[in-house]
Amino acid sequence: MKILLTIRGDFIAPRFDRIAEVMIASCYDRQLLEEPRSILLAESSAEKLCDLALKENVDMVICGAIEEQHYQYLRWKKVRVIDSVIGPHERVLEMALGEELAPGTLLAGVDSVGAGGCL
Amino acid sequence: MDADRAFQSRLECGELLNSIPHGVALLDRRLCLVTMNRTLEAMTGYQALEARGVYGDYILRTDLGSNDQLSRQVLADGKTVARDTTIINTSRTTIPVHCTLSRLHDQQGQPVGLVMVLEDISLLQQAGPGLGAEVRSEIIGHSQEMEAVFELMAVLARTDAAVLVTGETGTGKDKIAEQLHQSSPRARHRFVKVNCGALPEALLESELFGHVKGAFTGAVADRAGMFKLADKGTIFLTEIGDLSLPLQVKLLSVLDDQEFYPVGGSTKLKVNVRIIAATHHRLREEVEQGRFREDLFYRLNVLNLHMPPLRERSGDVQLLLEHFVQHFNRVHGRNIQGVSDEARALLESYPYPGNVRELRNLVEFAVNLCPGGQLGIKDLPRYLSRQPAAPRLQRTAASLPAASALSGELRPRAWPELERQQIVDALLASGGNRTRAAAALGWGRTTLWRKMIKYQLV
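Enquirer: Looking at this structure, I do not really get the interface of chain A and chain B. What am I missing?
Expert: Put simply, an interface is often sized by how much accessible area is lost when its parts join up. Taken together, the 24 residues of chain A in the interface contact 23 residues of chain B. Counting each side, the surface lost to burial between chain A and chain B is near 2,100 Å², with a carbon and sulfur contribution of 54%. One can count 3 salt bridges joining chain A with chain B. Its salt-bridge partner being Asp83 of chain A, residue Arg92 of chain B comes within 2.7 Å of it at the nearest N-O pair. Put simply, the parts of the chain that give the side of chain A that touches chain B at least two residues each are strand E2 (11-12), helix H2 (68-76) and helix H4 (112-115) of chain A. Sort the elements by how many residues they give to the side of chain A that touches chain B and H4 of chain A lands first, with 3 residues. Split into classes, the residues belonging to the side of chain A that touches chain B amount to 13 nonpolar, 3 polar and 8 charged.

Enquirer: Explain the environment of Asn335 of chain B here, please?
Expert: Residue and element names in this part refer to chain B. Position of Asn335 relative to the elements: it lies in the loop between helix H14 (316-332) and helix H15 (341-349). In this structure Asn335 comes out as exposed when scored by relative accessible area, which is 57%. Measuring from C-alpha to C-alpha, the distance between Asn335 and Val367 comes to 9.0 Å, with 32 residues separating the pair along the chain.

Enquirer: Any chance you could explain empty space enclosed by the protein here in plain terms?
Expert: Where empty space is left can be seen by rolling a probe of water-molecule size over the atoms. Residue and element names in this part refer to chain B. Tallied over the full model, the rule gives 2 cavities of 30 Å³ or more. What the largest cavity holds in volume is close to 80 Å³. Around the largest cavity, the lining residues are Leu27, Leu31, Gly56, Asp57, Leu60, Thr62, Leu64, Asp68, Leu70, Ser71, Leu101 and Met116. Of all elements in the fold, only helix H4 (56-60) and helix H5 (69-77) reach the threshold of two or more residues within the lining of the largest cavity. Of the residues forming the lining of the largest cavity, the biggest block, 3 residues, is contributed by H4. Taken together, the residues of the lining of the largest cavity break down into 7 nonpolar, 3 polar and 2 charged.

Enquirer: What am I meant to see in the packing of aromatic side chains here?
Expert: Summed over all chains, the structure comprises 11 aromatic pairs over all chains. Against the face of Tyr71 of chain A rests Arg92 of chain B, its NZ or CZ located 3.4 Å from the ring centre. Over the ring of Trp443 of chain B we find Lys451 of chain B; its NZ or CZ atom is 5.3 Å from the centre of that ring.

Enquirer: Teacher, can you tell me more about the pairing of strand E5 (residues 111-120) of chain B here?
Expert: Looking along a regular strand, one sees the side chains alternate between the two faces of the sheet. Residues and elements named next belong to chain B. One ladder, built from 6 bridges, connects strand E1 (residues 23-28) with E5; its direction is antiparallel. When the bridges of E5 are listed, Gly23 appears paired with Leu118. Judged from the 9 bridges that link them, strand E4 (residues 94-105) and E5 form a sheet pairing that is antiparallel. Residue pairing for E5: Val97 is matched across the bridge by Asp120. Once E4 ends, the chain turns through 5 residues before running back antiparallel as E5, passing Gly109 with a positive phi of about 85°.

Enquirer: Would you mind going over the nonpolar core with me for this structure?
Expert: If you look at soluble globular proteins, the nonpolar side chains tend to sit buried side by side. Residue and element names in this part refer to chain B. Counting 31 residues, the largest nonpolar core has Met36, Leu101, Met116 and Leu118 as its most contacted members. In terms of residue count, the dominant contributor to this core is E4 (4 residues). Look past the residues within four positions of Leu118 in its chain and what remains in contact with it is His22, Gly23, Leu40, Met43, Leu60, Thr62, Ile87, Val97, His98 and Cys99.

Conventions adopted
- Residues numbered from 1 in each chain as written.
- Chains lettered and ligands numbered in written order.
- Predicted model: local features only at pLDDT ≥ 70, side-chain atom pairs only at ≥ 80, totals over all residues.
- Heavy atoms only, no water.
- Contact = heavy atoms within 4.5 Å.
- Buried area = accessible area lost by both parts, 1.4 Å probe.
- Salt bridge = Lys/Arg side-chain N within 4 Å of Asp/Glu carboxyl O.
- Helix = DSSP H or I, 4+ residues; strand = E, 2+ residues; numbered from the N terminus.
- Nonpolar A, V, L, I, M, F, W, Y, C, P; charged D, E, K, R; others polar.
- Buried < 20%, exposed > 50% of the residue type's maximum accessible area, 1.4 Å probe, protein only.
- 1 Å grid on protein atoms, 1.4 Å probe; cavity = no way out; pocket = protein on both sides within 12 Å on 5 of 7 lines; lining within 4 Å.
- Points joined across faces, edges and corners; volume = space filled by probe spheres on them.
- Phe/Tyr/Trp six-rings, centres within 6.5 Å; stacked < 30°, edge-to-face > 60°.
- Lys NZ or Arg CZ within 6 Å of the ring centre and 35° of its normal.
- Pairing = 2+ DSSP bridges.
- Core = buried A, V, L, I, M, F, W, Y, C linked by side-chain atoms within 4.5 Å.

Encoded structure:
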């Protein structure tokens, strides 16, 4: 299974349409197959991000805020979307692998010390 | 004890924030959310309790640049910033908002965080594309004169220059000013109306520019003036012709520099205000007679909008009549089925010295008096049918600034009035002989007789 996480620094990015970086992780049987790889985007665009998700054949997208039309588009393309996630991407990925992640998950530690790390 | 006080203070703060009709969030110095009001909870989909301590950007989810640059800038330099942006809530809906960021200080003046006010502007944006076309929405009229006014308004709404609205009393100068503000880019800010003729000079100065504590007896606290309240918006100075000369000087300096001293104050206040002024006086004459400053007149008269009197708006009486009948039917819960032909003819031939306001009051009077069915002459105020219109016509016509001369007299432009006057003139010239008067007018005797009945000359 391939998972795409929209990230900002060490955290899941607040908005799907305003991100500059994504992380793609491949896993099998709740284990990572390889070190997740990061892709820096040339520009922030929800449409281009949807294209990337399809091009990479991802099965799951984990993000923060996403507009309904992009959400529905990905769902139509059989991509599972877990949105409104707030937290450090490492922990989020672990939860996703363990099938514990749900939309709206808010993890502790998203204060300026952590989030500010990317500033 | 301290814990109780802190709890009480938090409760009071929460209540205060909840009374504000826009979304408000308080962020600490690390830009983490301290609290937000119910409006913002509804807008974002998050509860203040669960979001407390979380980095604000993750809860509000705006697109104000990446990594909160704007918040950090405001926190650093303390300058309030306002931007149009969007938020995406937990229901995945994008809400356009007007966001204002200001720095908060403690009692020692040290920055302690930020206050973020988010005003939902989705309705405003929906109305946005038709802004120019909607400029006339509140004002009724399809006469050539009003079409010219609407065209000019669409242009004036797009500029930021001062506007002087002139016209007789009751022509709708206030409505025009408000509509200009609503159609301008300043629409989301305040529209403050000040009647310059309603207050004595000393009070008006304090009203316009504010005062500081102790400036005069009774000034127990600082008070922001109307100019300060209208900052970033529009101030509408109605009856500007009644402004005293000393205040005219102060107003001129505000217009030139956009800054002023409050009464008794020593600190200059800077404002960004668009000025719309209105008067029923003929300001040029006032200038000639030394009652109005020439420099202020030219400063205000950057753009001039003249509201035509109702008697010059051919066809609009009919339109307004229908509108007011419908309006007062709704307001007073009546079911009046239009206006009878005789009453309509009477209302159309009346010169309306009080303009639209007078017509509105006439219709309200009639709607209240009418027992049902159609409005008839008997439902209209008696002075309409009793008083001959001719002397009134001459008096009001003489007050018209743009009227042209006909046979040595000034004439109105609306056809019914003109025709009536022609008949009166022809009858006077023929010594009351209808046959000779009809011949002079180029009509048959019957036509003259019919028109005399129409204009109530028999």
